[in-house]
Amino acid sequence: MTTMLTATLRAELANIRIAANLARSSAEVFANTHGFTGNIAEFAHAFELSVSEAFTNAVRYGDPSNADAVVHISIESGPGSITITVKDNNPPFDPAPPTPEIQGYPEGGFGLFIIGKLMDEVKCEHEGGGNTLAMTKHIG
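Residues numbered from 1 in each chain as written. Predicted model: local features only at pLDDT ≥ 70, side-chain atom pairs only at ≥ 80, totals over all residues. Heavy atoms only, no water.

## Digging into the nonpolar core
Nonpolar side chains tend to gather and get buried jointly when the protein is soluble and globular. In this structure, Phe 43, Phe 47, Ile 73, Ile 84, Ile 115 and Met 135 are the most contacted members of the largest nonpolar core, which totals 21 residues. Ranked by the residues each element gives to this core, the list is headed by helix H2 (residues 40–60), at 7 residues. (Core = buried A, V, L, I, M, F, W, Y, C linked by side-chain atoms within 4.5 Å. Buried < 20%, exposed > 50% of the residue type's maximum accessible area, 1.4 Å probe, protein only. Helix = DSSP H or I, 4+ residues; strand = E, 2+ residues; numbered from the N terminus.)

And the structure:
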């Protein structure tokens with residue numbers, strides 16, 4: 001019988017790249033710990049890219065005059081899945097933008113589209129003066 005472990009990691013981060021690296025490392029550890037038999041590097045890359053996109057959006061659309069603004073990131077693993085939540089204190093955004101056209105599309109604008117393609121579940125809520133974007137990937 002396999003014992004499924006659960007874990008939670010929370011971080012409050014300034015505008016630095018460590019958020020995506022933290023997600024990638026956590027995803028790799030989770031995959032290894034839970035006997036994931038797929039491509040662990042690909043699994044971890046999906047998390048790194050998704051968190052990077054979510055984190056970039058939180059910073060890009062935040063109040064530039066607030067030098068003390070932070071983005072909260074939590075990573076929770078449970079039986080058969082891992083969820084990464086990115087919280088900010090920005091105005092609400094449309095969690096379902098139209099599918100971007102690849103030809104002639106300016107840089108940017110693909111973040112939520114990419115996240116939706118890489119993750120199994122994506123939920124967005126606006127509450128308490130900020131956005132919460134939860135991204136879940138199922139194992140197996």
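## What to know about helix H3 (residues 111–118)
All of the buried residues in H3 are Gly 111, Leu 112 and Ile 115. All buried residues of H3 lie within an arc of 90° about the axis, which places them on one face of the element. Elements that come into contact with the buried residues of H3 comprise H2, strand E4 (121–127) and strand E5 (130–138). (Arc of directions from axis to C-beta. Contact = heavy atoms within 4.5 Å.)

## Observations concerning the packing of aromatic side chains
Applying the stated criterion across every chain yields a total of 1 aromatic pair. Residues Phe 43 and Phe 47 carry aromatic rings whose centres are separated by 5.2 Å and whose planes lie at 65° to one another, so their mutual orientation is edge-to-face. Placement of both Phe 43 and Phe 47 in helix H2 is noted, with a separation of 4 residues, approximately one turn of the helix. By relative accessible area, Phe 43 is classed as buried at 5%. (Phe/Tyr/Trp six-rings, centres within 6.5 Å; stacked < 30°, edge-to-face > 60°.)

## With respect to the environment of Ile 115
Within the secondary structure, Ile 115 sits in helix H3. Through-space distance from the C-alpha of Ile 115 to that of Ser 52 is 9.7 Å; in sequence the pair is 63 residues apart. Setting aside anything within four residues of it in sequence, one finds Ile 115 in contact with Ser 50, Glu 53, Ala 54, Val 122, Leu 133 and Met 135.

## Remarks on the pattern of salt bridges
Enumeration over the complete set of coordinates arrives at 1 salt bridge. Glu 121 is the partner of Lys 123 in a salt bridge, and the nearest nitrogen-oxygen pair spans 3.9 Å. Of the residues examined, Lys 123 reaches a relative accessible area of 53% and is grouped as exposed. (Salt bridge = Lys/Arg side-chain N within 4 Å of Asp/Glu carboxyl O.)

## Details of the environment of Glu 48
Along the chain, Glu 48 turns up in helix H2. Separated by 27 residues in sequence, Glu 48 and Asn 21 have C-alpha atoms that sit 6.4 Å apart.

## Examining H2
Residue pairs three or four apart in sequence face the same way in an α-helix, which turns once every 3.6 residues. In this model, H2 (21 residues) spans 30 Å end to end at C-alpha, consistent with the 30 Å of a helix rising 1.5 Å per residue. Among all positions in H2, only Phe 43, Ala 44, Ala 46, Phe 47, Glu 48, Ser 50, Val 51, Ser 52, Ala 54, Phe 55 and Ala 58 are buried. Sitting at the head of H2, Asn 39 places a side-chain oxygen 3.0 Å from the backbone nitrogen of Glu 42. (Expected span 1.5 Å × (residues − 1). Polar contact = N/O pair within 3.5 Å; in protein donor to acceptor, adjacent residues only side chain to side chain.)

## Considerations on the environment of Leu 133
Among the secondary structure elements, Leu 133 is positioned in strand E5. Exposure remark for Leu 133: the relative accessible area of 7% places this residue in the buried category. Here the alpha-carbon distance between Leu 133 and Asp 88, two residues 45 residues apart in the chain, equals 8.9 Å. The residues touching Leu 133, leaving out its near neighbours within four places in the chain, are Ala 54, Ile 84, Thr 85, Val 86, Leu 112, Ile 115, Val 122, Lys 123 and Cys 124.

## Describing the side chain of Thr 85
Structurally, Thr 85 can be placed in strand E3 (residues 81–87). Take Thr 85: its relative accessible area is 12%, and that puts it in the buried class. Setting aside residues up to four positions removed in sequence, Thr 85 forms contacts with His 72, Ile 73, Ser 74, Thr 132, Leu 133 and Ala 134.

In short, shape yes, function no, at least from these values alone.
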